[in-house]
Amino acid sequence: MNNKENQISASNRLDKAVGLRDKWCGEIGVGDIGEKVTICGWVAKTREHSQHLSFVDVRDRSGMIQCVIDSVVDLHSEYVVKVSGQVTRRPEGTENVELETGSVELTSCEVEVLNSSETPPFSLGKYSEADESVRLRYRYLDLRRSKMLNNLQLRSAINHCARNAMVEQGFTEVETPLLWTPTPEGAREFAVPSRLQKGSFYVLPQSPQIAKQLLMVAGVDRYFQIARCLRDEDLRADRQFEFTQLDIEASFVTMHDILEIVNHVIRKIVMVVRQVEHLAIRTMTWKDALENYGTDKPDLRFGMELVDLGEVFRETQFRAFQAEVVKAIVVEDGASLSRSRLDQLVDRAKELGALGLVWMKIGSVGVPGNSSSPDHPNSLEDIISIESPVAKFLQDHEKEQLISKLGLSGGELVLVVAGEHRSTCEILGQLRLELGSRLANEANEDALEFVWVVDFPMFDGTDEAGNLQAAHHPFTMPHIEDLELLEINPKAVRSQAYDLVLNGWELGSGSIRIHSNEIQSRVFKSLGITQDQAQERFGFLLSAFRYGAPPHGGFAVGMDRLIALLAREDNIREVIAFPKTQSGLDMMTGAPKALSKRNLQELGLNVGPKPN
RNA sequence: GGACCUGUGGUGCAGCCUGGAGUGCACGCCGGCCUGUCAAGCCGGAGGUCGCGGGUUCAAAUCCCGUCAGGUCCGCCA
């Protein structure tokens, strides 16, 4: 992983006085030649040549410097040392271009061992990769690796940048409670037993959503917070129990304003960590995203868009294509895929819920009237050759239209799925990702394709009781022009909700909120929430809204994901100091753990036997 | 709740399909040699409950069942 550009320089700070030392290891260069300097750090590597010559690499968070020792040394990996020595240009031919400080070294060294170290359980060098569970058990050592320290420094720089960008835009940072009240919608919450009110619980907030809306009622007008959010849901590569959001809410704004506010922050961050001057941030509707990419979080680093073949097969005799929609993706040069790979793709499509997957290998595509064989002028086989299990069911004109609609020139693989609209798009979208991820990485590993997805549907699916569910959350404002559909055709109502997507990762979401009690009641009604239920669940919010709630809306940026992508990591654990495993365990501390009887008693808890 | 992959000296792996002595590689560690290395080199050495439990078998790292742990994904994440 190339972290060079992400490395936040340790210089440019006010703290030139750095305690026991007067230089950072990684910042010693030719400009210091002749100086006598003192550094502190860990022994990264010793190379003992003889009793008269040893090389000791000393590392701190800024980098590494080679120290030349011309006597016997008793230094081992990860010993903590203070070294005073003369910065010297390395002898001709011994420079190390791999090392930032590779043209100099410290000579005439005086070494003080500040602390010894046991042999670490795994090597902290850049060429070794320990299993993640071992790394997590010894996280304090794992974090000592330069890649991880760089990630932490990158994270700090991004947070700093985000804070500045928000303050610049007139936002006030407000902290909100971690001990909050249950809000029965949404993610599963972590409960915290109350000692003073035995039998009652606080919950940890899944986000500061309601608190920030109350701040708008209060007149804060522009709020932000780098907030910890907690959700007791299953973990993933891009999901931890606790994660960090740049949480934003503003009053008297439109969706457009919110997008611009967030764009400003994103552009600042990308400018600082990637030196990108004019970052393009696109916008597309949810409908277009689904239609063309089969997902609400499109990865725009590569094409391979979904193509509608409805017109081509409008009157087809082929049963499987007599469906609500017929869509396809084209895999360039995919005609060379093996039969077993194609079978895998078919299986994968079925796994994703498709009735089937039709593949077509496109052979030659000639030009009509250009036949080289005068005996068989322009027979279709001369012009187009399609190898497919279903080729015999397709009419000639269907094949011709297919070729022109998809712009085929030969050598491609076409994958066709037919069925119900939404699922067909999503299945092809998934196949597109799986077949295209290689393209995405090859294209440009530094690519940052930000896109706003807007005009989400207001409702999405139903709960067990058959009630509609809010796609975003129940305080999301419907599109004004769709308001009248709320009672007639709720599924067609678009909301003023929007997601920010980066390279196919959902970076966050937001919406304009409902500030009118009248509209809120109608939305609750659509969701099957009665007045009484609403009062019970969100009573304090509804009360607040009776005292002059301003129009408002907001957004939250998932910082872990943003930082991971900017650090070129495909896992957010790599940018979190102390993450948990997929089963929610902390390998280092052993948490979660049983509490003592006394603790439990104090909390008024009665824990039954461990379930099997 | 479900699917798949993984678990072998301190670390990373091979061995497993097709059962036959803990058999191998690399790194690290310990000792020795070595005056310009930098993932140093050379020589020697130590280090193992093959995750755990059960089963099949004359015999299990290897086959079967269960279980624990790690990972990826589906469900879940308003």
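Since this is a predicted model, take the numbers as computed values, not measurements.

Description of the overall build of chain A
Piece 1. On a plain count of helices and strands, chain A comes out with 15 helices and 22 strands.
Piece 2. With respect to the three principal axes, the spread of C-alpha positions in chain A is 90 × 80 × 55 Å.
Piece 3. Counting only residues that meet the buried cut, chain A has 47% of its 612 residues in that class.
Piece 4. In chain A, the share of contacts with a sequence separation of at least 24, taken over all contacts with a separation of at least 6, comes to 68%.
Piece 5. Surface summary for chain A: the accessible area is close to 31100 Å², and the carbon and sulfur share equals 49%.

Side note on the domain arrangement of chain A
Piece 1. By domain assignment, chain A separates into domain 1 (25–119), domain 2 (150–283 + 450–575) and domain 3 (302–443).
Piece 2. Domain 2 and domain 3 are separated by 40 Å when their C-alpha centres are compared.

Points about empty space enclosed by the protein
Empty space among the atoms can be located by rolling a probe the size of a water molecule over them.
Piece 1. For the structure shown, the criterion picks out one cavity of 30 Å³ or more.
Piece 2. The computed volume of the largest cavity comes to approximately 40 Å³.
Piece 3. In terms of lining, the largest cavity is formed by L136, R139, F578, P579, D586, M587 and M588.
Piece 4. Of the residues contributing to the lining of the largest cavity, the split by class is five nonpolar, no polar and two charged.

Remarks on the side chain of S54
Piece 1. If you trace the backbone, S54 turns up in strand β2 (residues 53–60).
Piece 2. Setting aside its immediate chain neighbours within four residues, S54 contacts R47, E48, H49, C67, V68, I69, S71 and V73.

Some details on the protein's contact with RNA strand B
Piece 1. In the vicinity of RNA strand B there are 46 residues, among which K45, H49, T94, E105 and H472 approach most closely.
Piece 2. Sugar and phosphate atoms constitute 48% of the interface atoms of RNA strand B, taking the interface as everything within 4 Å of the protein.
Piece 3. One nitrogen or oxygen atom from the side chain of K45 is found 2.6 Å from a phosphate oxygen belonging to RNA strand B.
Piece 4. Interatomic distance of 2.7 Å between a side-chain N/O atom of N571 and a phosphate oxygen of RNA strand B.
Piece 5. Listing elements by their share of the surface near RNA strand B, those giving two or more residues are β1 (36–50), β2 and α1 (132–137).
Piece 6. In terms of residue count, the dominant contributor to the surface near RNA strand B is β1 (five residues).
Piece 7. Partitioning the surface near RNA strand B into residue classes produces 13 nonpolar, 17 polar and 16 charged.

Overview of the pattern of salt bridges
Piece 1. Counting across every chain of the model gives 37 salt bridges.
Piece 2. D142 is the partner of R139 in a salt bridge, and the nearest nitrogen-oxygen pair spans 2.6 Å. Linking R139 with D142, this pair stays in helix α2 (residues 139–142), spanning three residues, or about one helical turn. For the pair R139 and D142, one class covers both residues: buried.

So, the side chain of T424
Piece 1. Topologically, T424 is positioned in helix α10 (residues 421–443).
Piece 2. Taking relative accessible area as the criterion, T424 reaches 1% and is therefore assigned buried.
Piece 3. One polar contact links the side chain of T424 to the main-chain carbonyl oxygen of E420, over a distance of 2.6 Å.
Piece 4. Apart from residues lying up to four places away in sequence, T424 is in contact with V325, K327, V417, A418 and G419.

Side note on the sheet that holds strand β9 (residues 222–230)
Piece 1. The mixed open sheet is built from eight strands, whose spatial order is β6-β9-β10-β22-β21-β20-β17-β11. Where the open sheet ends on each side, the last strands, each with one partner, are β6 (172–173) and β11 (281–285).
Piece 2. Looking at chain direction, strand β20 (residues 497–502) and strand β21 (residues 505–512) are connected through six bridges and run antiparallel. Each residue of the ladder has a partner; that of V501, found in β21, is E506.
Piece 3. This element, helix α5 (residues 255–274), spans β9, β10 (242–251), β11, β17 (450–454), β20, β21 and β22 (552–558) of the sheet and lies at about 165° to β17.
Piece 4. Seen against the sheet, helix α14 (residues 559–566) touches β10, β17, β20, β21 and β22 and runs at an angle of roughly 140° to β21.

Remarks on helix α12 (residues 517–526)
Piece 1. Listed as buried for α12 are I519, Q520, V523, F524 and S526. The buried residues of α12 occupy an angular sector of 160° when projected down its axis, which confines them to one face.
Piece 2. Contact partners of the buried residues in α12: β18 (459–462), β19 (468–470), α11 (485–488) and α13 (531–545).
Piece 3. Looking one or two residues past α12, G528 carries a phi angle of roughly 75°, positive in sign.

Quick notes on the packing of aromatic side chains
Piece 1. All chains considered together, the criterion is met by eleven aromatic pairs.
Piece 2. Here the aromatic rings of F475 and F538 are separated by 5.1 Å at their centres, their planes lie at 85°, and the arrangement is edge-to-face. Of this pair, F475 sits in the loop between β19 and α11 while F538 sits in helix α13, and the two are 63 residues apart along the sequence. Assigned by exposure class, F475 and F538 land together as buried.
Piece 3. Each ring, one from Y498 and one from F555, has its centre 6.1 Å from the other, and the planes form 15°; the classification is stacked. Pair noted here: Y498 is in strand β20 and F555 is in strand β22, with a separation of 57 residues, a long-range link.
Piece 4. Against the face of W24 rests R21, its NZ or CZ located 4.5 Å from the ring centre.

Observations regarding the confidence of the model for chain A
Piece 1. Across chain A, the average pLDDT comes to 90, with 93% of residues at 70 or higher.
Piece 2. Ignoring residues within four places in sequence, the model shows residues 1–7, a span with pLDDT below 50, making 19 contacts including any to other chains.
Piece 3. In the model, residues 369–374 has pLDDT below 50 throughout and makes six contacts with residues more than four positions away in sequence or in other chains.

Cut-offs used in this document
- Residues numbered from 1 in each chain as written.
- Chains lettered and ligands numbered in written order.
- Predicted model: local features only at pLDDT ≥ 70, side-chain atom pairs only at ≥ 80, totals over all residues.
- Heavy atoms only, no water.
- Helix = DSSP H or I, 4+ residues; strand = E, 2+ residues; numbered from the N terminus.
- Buried < 20%, exposed > 50% of the residue type's maximum accessible area, 1.4 Å probe, protein only.
- Contact = heavy atoms within 4.5 Å.
- Areas by Shrake-Rupley, 256 points an atom, 1.4 Å probe, with all protein chains shown as cover.
- Domains from an automatic or database assignment.
- 1 Å grid on protein atoms, 1.4 Å probe; cavity = no way out; pocket = protein on both sides within 12 Å on 5 of 7 lines; lining within 4 Å.
- Points joined across faces, edges and corners; volume = space filled by probe spheres on them.
- Nonpolar A, V, L, I, M, F, W, Y, C, P; charged D, E, K, R; others polar.
- Near = heavy atom within 4 Å.
- Polar contact = N/O pair within 3.5 Å; in protein donor to acceptor, adjacent residues only side chain to side chain.
- Salt bridge = Lys/Arg side-chain N within 4 Å of Asp/Glu carboxyl O.
- Pairing = 2+ DSSP bridges.
- Axes fitted to C-alpha atoms, helices over the stretch in contact; angles between N-to-C directions.
- Arc of directions from axis to C-beta.
- Phe/Tyr/Trp six-rings, centres within 6.5 Å; stacked < 30°, edge-to-face > 60°.
- Lys NZ or Arg CZ within 6 Å of the ring centre and 35° of its normal.
- pLDDT = per-residue confidence, 0-100.

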